[in-house]
Amino acid sequence: MTDNNQKKSSTFRFLVPLIIFAALAGLLLYGLGQDPREVPSPLIGKAAPEFELPDLLDPSRTVSNADLDGQISLVNVWASWCSACRAEHGTLMELARSNDFQLIGLNWKDEKTDALTVMRMTGNPYTLIGYDPDNSAGIDWGVYGAPETFVVDRNGIIRHKHIGAIDPVVWEETLAPIIEDLKREQAATES
Amino acid sequence: MRLFRPKFGARARLLLLCGLLAISAAASAYTLEEFHFTSPEQEEQFRVLIGKLRCLVCQNESLAASQAELAQDLRQEVYGMMREGRSQEEILAFLTDRYGDFVLYDPPLKPSTYVLWFGPFVLIAIAAFFMIRSLLRSRAGPPAELSENERQRLQQLLDTDSSVKDETS
């Protein structure tokens, strides 16, 4: 090694630990920014699991995969005991007006009377509500909490899962663009 | 024997209490009473299985330890599948199909987890490489690279130093 080279390498040598530190700090910061409660669903891109549940409001009717065919659906997992569900209820009421998709409820691990009371008091944003008190459909959908919302395309394929409440920001930034994409896809296949 | 009692009694009692508390805490962590097994092997198999599975609500607890309702559901599900005679692999596959690899405490070895499995060893290897290199360098370091002038000056310094010593002593 020439004298000059040696000088150069020793000049920047102090940078090595600095770079290592910065890389580690970056990695840890990235980790901090991630939400550990958001477990990615292995069901994305797959057909919605088979299910058949009685409708909460009309037990003579069932809610099943057939109800997902032909249009974009938001399948929203909710329960009367879940406070975040109450928080997102207003947004859901707004979304219920849209003609771009249908809102299907999945009433999860709930008491029927409590669930009915909530619907009576705060209004019903759902087209249909599957009643799943013992988590029989929930387990197949990989539900581990409420609220969770699945975006299902008109072929019954799960395209996205949102964990946690839907508020206007979540809607604008994540869900609305996905719905737009699905609509565009649909238009493309039709033409 | 009687003599020792006052001295050790309190501590022994405390230890016993702690032990009992620990046992009762472990026992109440989950209740196996709700499950009935046909053999001790089956019970053992069940314990092992739910120990391998993570509760998704309380994340750092296994299905065996968690009190969450979801964990209860999943324990029930695992139990049901076991009674149907499904193998451990089938049961684990059932759960990973729905909840992803996250539900397992031991992540499976596949390309997306290579960093997780091999990363620490790679880092250790890199650290070892640099450590050995610097050790070898310092051992084969430059002891004889003094120029003639420097050597003379060093000798001079050593000489004056010893002369100072001589004067003081």
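Our subject is the structure listed above.
Report follows, based on the coordinates. (Residues numbered from 1 in each chain as written. Chains lettered and ligands numbered in written order. Predicted model: local features only at pLDDT ≥ 70, side-chain atom pairs only at ≥ 80, totals over all residues. Heavy atoms only, no water.)

## Quick look at the state of the cysteines
Each disulfide is one covalent bond, formed between the sulfur atoms of two cysteines. Residues and elements named next belong to chain A. Just so we agree on the cut-off: The disulfide criterion used throughout: a pair of cysteine sulfur atoms within 2.5 Å. Exposure categories follow from relative accessible area, calculated using a 1.4 Å probe and restricted to protein chains: below 20% of the type maximum is buried, above 50% is exposed, and the middle band is partly exposed.
Evaluated as defined, the whole model comprises one disulfide over all chains. There is a disulfide in this structure between Cys 82 and Cys 85, and the S-S distance comes to 2.1 Å. Torsion about the S-S bond of the Cys 82 and Cys 85 cystine: about 95°, corresponding to right-handed handedness. Taken individually, Cys 82 and Cys 85 each receive the classification buried, so the pair is uniform in this respect.

## A look at the pairing of strand 3 (residues 73–78) of chain A
Residue and element names in this part refer to chain A. Defined as follows: Think of it this way: any DSSP run of H or I at least four residues long counts as a helix, any run of E at least two long counts as a strand, and we number them from the N terminus. Only strands joined by at least two bridges in the DSSP assignment are considered to pair. Consider the strands pointing away from the viewer: the crossover is right-handed when the path from the first strand over the helix to the second runs clockwise.
Most of strand 3 is tucked away, with six of its six residues classed as buried. Neither face of strand 3 is open: one carries Ser 73, Val 75 and Val 77, the other Leu 74, Asn 76 and Trp 78, and all of them are buried. Here strand 3 runs beside strand 4 (residues 102–108); their pairing, made up of six bridges, is parallel. From the neighbouring strand, Ser 73 faces strand 4, where its bridge partner is Gln 102. What joins strand 3 to strand 4 is helix 3 (residues 83–95), and the crossover it makes is right-handed.

## Concerning helix 6 (residues 168–190) of chain A
Residues and elements named next belong to chain A. Stated precisely, the cut-off is as follows: Take the number of residues in a helix, subtract one, and multiply by 1.5 Å to get its expected span. We define the bend at any residue as the angle between the axes fitted to the seven residues before and including it, ending there, and the seven starting there.
The terminal C-alpha atoms of helix 6, which comprises 23 residues, lie 30 Å apart, in line with the 33 Å expected from a rise of 1.5 Å per residue. Leu 175 marks where helix 6 bends most, by close to 40°; the proline Pro 177 follows one to four residues later. Within the sequence span of helix 6, burial applies to Val 170, Trp 171, Leu 175, Ala 176, Ile 178, Ile 179 and Leu 182.

## Points about unusual backbone geometry
Residue and element names in this part refer to chain A. The omega torsion of the bond from Ala 146 to Pro 147 falls at -5°, within 30 degrees of zero and hence cis. With respect to the element layout, Pro 147 can be found in the loop between helix 5 (136–140) and strand 6 (148–152). Its identity is not glycine, yet Asn 135 carries a phi of approximately 65°, on the positive side. Secondary-structure assignment places Asn 135 in the loop between strand 5 (128–132) and helix 5.

## As for the interface of chain B and chain A
Cut-off, in case you're wondering: Here a residue-residue contact requires only that any non-hydrogen atoms of the pair lie within 4.5 Å. As used here, buried area is the combined drop in accessible area, with a 1.4 Å probe, of two parts when they are placed together. Basic side-chain nitrogens of Lys or Arg form a salt bridge, by our definition, when they fall within 4 Å of a carboxyl oxygen of Asp or Glu.
Each partner contributes to the interface: chain B provides 16 residues, whereas chain A provides 16 residues. Carbon and sulfur atoms supply 52% of the area that chain B and chain A bury against each other, a total of about 1300 Å² over both sides. Our count for the contact surface shared by chain B and chain A stands at three salt bridges. Taking the shortest distance from any N to any O, the salt bridge between A:Asp140 and B:Arg98 comes out at 2.9 Å.

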